[in-house]
Each structure stands twice: as C-alpha cells, then as structure tokens.
Amino acid sequence: MREAVIVEAVRTPVGKGKPGGLLHAEHPVDLLARTLKTLVERAGIDPAEIDDVVGGIVTQAGDQALNATRSAVLAAGFPESVPATTVDRQCGSSQQAAHFVAQGVMSGAYEIGIACGVESMSRVPMGAAVLPGSDPFGPALNGRYPGGLIGQGIAAERIAAKWRLGREELDAFAYESHMRAHAAWENGEFDREVAWPGRRDETVRPTTSAAALAGLKPAYYEPSYEERFPEIDWRVTAGNASPINDGAAALLIMSRAAADRLGLRPRARFHGFAVAGDDPLMMLTAVIPATRKVLARSGLTLDDVDLFEVNEAFSSVVLAWQRELGVDAERLNVRGGAIAIGHPLGASGARIMTTLLHALEDRGGRFGLQTMCEAGGLANATVLERL
C-alpha cells in the first residue's frame, strides 16, 4: 500500500472564544483561508495540485454553515477546481479529516490533499446548530438510555468518580498543562508551527497557581443528577477543563511519490489509524480502547511510542487514560494541552497533530500517538512515524 506523508503543518495561535478575543474579529472562513494559504506558501506548491481539502467543523451553523471548508478554499484564492468538504466527528473532526485524506492517498484516490479544521466559538457558540424545540437524538435513542444522554461536564465528573481522581489531582494536572505550554512558548518551541509571528495562545496562564485553581467552584453541578449519578462528588471546574476558543490548523498530506516529484521533504508518515466507540453515558472514555486498538493495528507497544498527545478536554479524561495505560508523564502532552492552549473544537485534531509533529522533530522521537475523546462516546487515534 502507498505511504501517506505529511510535508507541512501549521496552525494559528488559539484565541479566547469570546468577543474581544484574539481571533474574534476574523470570520472563520477567512481564518481558515489564511491558514490554508500559509500552508501552501510554506510548502511552495501550486494549490492547483491539490486533489481535495477536508475540513473539520463541529458547529456547522451561522458563519460556519454551508460547507465552510469550500468557502475557505475559495477565499484563500485557490483555483476553483480545488474541491473541499466539511466533516463532523465532534471534537475529533479535523483528526478524522486527516484520516480521510491520508487514507485517500494510501488508496490511490488522491495524490495530494489538505486536512484542516476551524472553529470560531466566539462567533458560533456550541449548540447553535440545534434549533429551539428540536430533539437531535429522537425517541428510539432516548428510549435506549432512560433519563437521556448527558453533557460532557457530567461525563467528566463520572470519570473522576470511577477512577477516584481527587480535586487536588485534577487541579495539579491543569497547573502542569499551563506550565508546560508557557515553557514551550518561552523556549520558542511553538514558533515554527504557529502561522502568526508575535502572537501567542491566549488562554495560557503562566501566573496561575494551585491556590487559584483550588478556589474555583464546580462548573457542572446540577441537583437533578444527584439521584441519577450519586457517585459524583463535583470536582470538575473551569480550571481543570478546556476553555472556549477560536482557532484553525492545517496539514499538507501527499503520497511519497508526489513529495519526491515536487522536491518536498516528507516529515512524517501515517503509521496507524483507529476509531473506537464506548459507553455514551461515560462519553469521554473511548480514548482508552482507541489507543489499544491503534497500537495493535500498528504492531507497536506503549514502550515503542516516544510522545503521546491526549486531548485535554478535561483533566479527568487524560488522567483516567494514563491510569489505565500506565504511560509516564514525561511522554504525555509535553508542551501542554487544551486546558492551557485551548480547544477550538473543529480545529483541535489538526492543532494537536501539528504540535505532535513538531515535538517529535525537536526531540528526535520516532513514533507519536494522538487520541481525542468525542461526544457520543467516540475517539480517534493516530500513530505518526517521523521520517
């Protein structure tokens, strides 16, 4: 089977997802267009060579409606002949976009493609695609899960309870995320991957402290859940969860033959893919089976992997994953994660893959594994091999 390789990867700095945030004034189509344009300029390729652009967006409404990826391709000035589509696998949307493009290259359907993602949560709030009075689940699904499905914050609380993760442990992980992300910025480790020189991720808080995090109140307390889930002890706060953000990221993926033809250096190849499902009432735990699945398919063990990226939707998600798999902290989210950097939903998969690629290069690692929890009890997992 043909190899799919990454030759370039860029991202925007991540902005606060509210009016006045770093990226709020920029329309998400233009934000993604800027990222796409930077990607091809850095690679030095003619965009007419691109067979397809696959973008991830979670809330496909308002400014992000009507196949916004195609709109961004046109806004970037690419030839009208370049097609595009938008996918939604919730928080893993742009990681799934990377899977689709890489698999297209490996199958021979594509020679060159772009996987990307964008989310402007300041302009298009979460849930904006659900019309007032509508039920996106339907009676059959609601009947299967009496009491209905739950929100991600409640799922994070259930995970903290099941794995006996205390508030101090959750907050300590969040603190470390901020410290690592700040150190990465100070050491210039994000300079190559961020497309806007002089701008930093806006939600990294180098001045936070254990005391400040400990002073935050639980963010998802609802009396109605006390009887249904009596195990919950209400430990999840805004401090040990990812914030609301704006951002975009993109990766240029092609066959090794195309890279050779264009004189481009393959930087990593896609070594393995997996998608997993798990209990939707735990919702965020599928990263555990997804990791095991992608390792088995790749013929690797945990010891073979140099760096891991597990999306920090909540501290409890990553700590439960770590407790189950026994991965040491020195290989996990080494430049911080979404708690500090931010989580612009549709962009996060591509953002994490961009960070993972650069971290592998800077540290001389060979294999990197990325996994993301997704609403509905889903997760993607990807293994990259640095070349």
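Just above sits the structure.
The structure contained in this document is the topic of the report that follows.

Rules used throughout
- Residues numbered from 1 in each chain as written.
- Predicted model: local features only at pLDDT ≥ 70, side-chain atom pairs only at ≥ 80, totals over all residues.
- Heavy atoms only, no water.
- Helix = DSSP H or I, 4+ residues; strand = E, 2+ residues; numbered from the N terminus.
- Rg over C-alpha atoms; globule rule 2.2 N^0.38 Å.
- Buried < 20%, exposed > 50% of the residue type's maximum accessible area, 1.4 Å probe, protein only.
- Contact = heavy atoms within 4.5 Å.
- Areas by Shrake-Rupley, 256 points an atom, 1.4 Å probe, with all protein chains shown as cover.
- Lys, Arg positive; Asp, Glu negative; His and termini not counted.
- Charge placed at Lys NZ, Arg CZ, Asp CG, Glu CD.
- Pairing = 2+ DSSP bridges.
- Right-handed = clockwise from strand over helix to strand, strands pointing away.
- Axes fitted to C-alpha atoms, helices over the stretch in contact; angles between N-to-C directions.
- Parallel < 35°, antiparallel > 145°, perpendicular 65-115°, else oblique.
- Left-handed = near helix turned anticlockwise from the far one by under 90°.
- Nonpolar A, V, L, I, M, F, W, Y, C, P; charged D, E, K, R; others polar.
- Expected span 1.5 Å × (residues − 1).
- Core = buried A, V, L, I, M, F, W, Y, C linked by side-chain atoms within 4.5 Å.
- Phe/Tyr/Trp six-rings, centres within 6.5 Å; stacked < 30°, edge-to-face > 60°.

**A few points about the overall build of the protein**
A count of helical and extended segments in the protein gives 13 helices and 10 strands. Taken over the C-alpha trace, the protein has a radius of gyration of 20 Å; the compact-globule value for 387 residues is 21 Å, and the two agree within 12%. Per-residue burial for the protein yields a buried fraction of 59% across its 387 residues. Counting only contacts in the protein whose residues sit at least 6 apart along the sequence, the fraction spanning at least 24 positions is 81%. Carbon and sulfur atoms make up 51% of the accessible area of the protein, which totals about 14800 Å². Once the 38 positive and 47 negative side-chain charges of the protein are each reduced to a mean point, those two points are 1 Å apart.

**Focus: the pairing of strand β3 (residues 52–56)**
Where burial is concerned, most of β3 is hidden: five out of the five residues are buried. Of the two faces of β3, the one holding Asp52, Val54 and Gly56 and the one holding Val53 and Gly55 are both buried throughout. Relative to strand β4 (residues 84–87), β3 runs parallel, the two being bridged by four bridges. Bridging from a neighbouring strand, Val54 pairs with Thr85 of β4. Handedness of the crossover joining β3 and β4 through helix α2 (residues 68–75) is recorded here as right-handed.

**Some details on the packing of helix α10 (residues 287–298) against helix α11 (residues 315–325)**
At a minimum axis distance of 9 Å, the contact between α10 and α11 shows a crossing angle of 45°. Judged on the interaxial angle alone, α11 and α10 are oblique. As α10 packs across α11, the resulting crossing turns out to be right-handed. Here Val287, Ile288, Thr291 and Arg292 of α10 lie close against α11, whose contacting residues are Val317, Ala320, Trp321, Glu324 and Leu325. Tallied by class, residues from the contact of α10 with α11 come to six nonpolar, one polar and two charged.

**Considerations on helix α13 (residues 348–363)**
Under the 1.5 Å per step criterion, the end-to-end length of α13 is 22 Å for 16 residues, consistent within 8% with the ideal 22 Å. Of all 16 residues that make up α13, 14 are buried, and the element is covered over most of its length. Once α13 finishes, Gly364 follows within two positions and takes phi at roughly 70°, a positive value.

**Some thoughts on the nonpolar core**
Within soluble globular proteins, side chains that are nonpolar tend to cluster in buried spots. Ranked by size, the top nonpolar core spans 53 residues in total, and within it Leu284, Phe314 and Trp321 carry the most contacts. For this core, the secondary structure elements donating two or more residues are α5 (152–162), α6 (167–186), β7 (268–277), α10, β8 (307–310), α11, β9 (367–374) and β10 (378–386). If sequence neighbours within four positions are ignored, Trp321 has contacts with Val287, Ile288, Thr291, Phe308, Val310, Val327, Leu332 and Thr371. Core analysis: the next-biggest nonpolar cluster, separate from the first, contains 36 residues, Val5, Val82, Ile114 and Trp196 among them.

**Observations regarding the packing of aromatic side chains**
As enumerated under the stated definition, the model contains six aromatic pairs in all. Taking 5.0 Å as the distance between ring centres and 80° as the angle between the ring planes, the aromatic pair formed by Tyr221 and Trp234 counts as edge-to-face. Of the two residues, Tyr221 is situated in the loop between α7 (210–214) and α8 (224–228) and Trp234 in the loop between α8 and β6 (245–255); the sequence distance between them amounts to 13 residues. For Tyr221, a relative accessible area of 41% corresponds to the partly exposed category. When the ring of Tyr225 is compared with that of Phe229, the centres are 5.9 Å apart and the planes differ by 20°; the resulting orientation is stacked.

Honestly, it's all geometry; don't read function into it.
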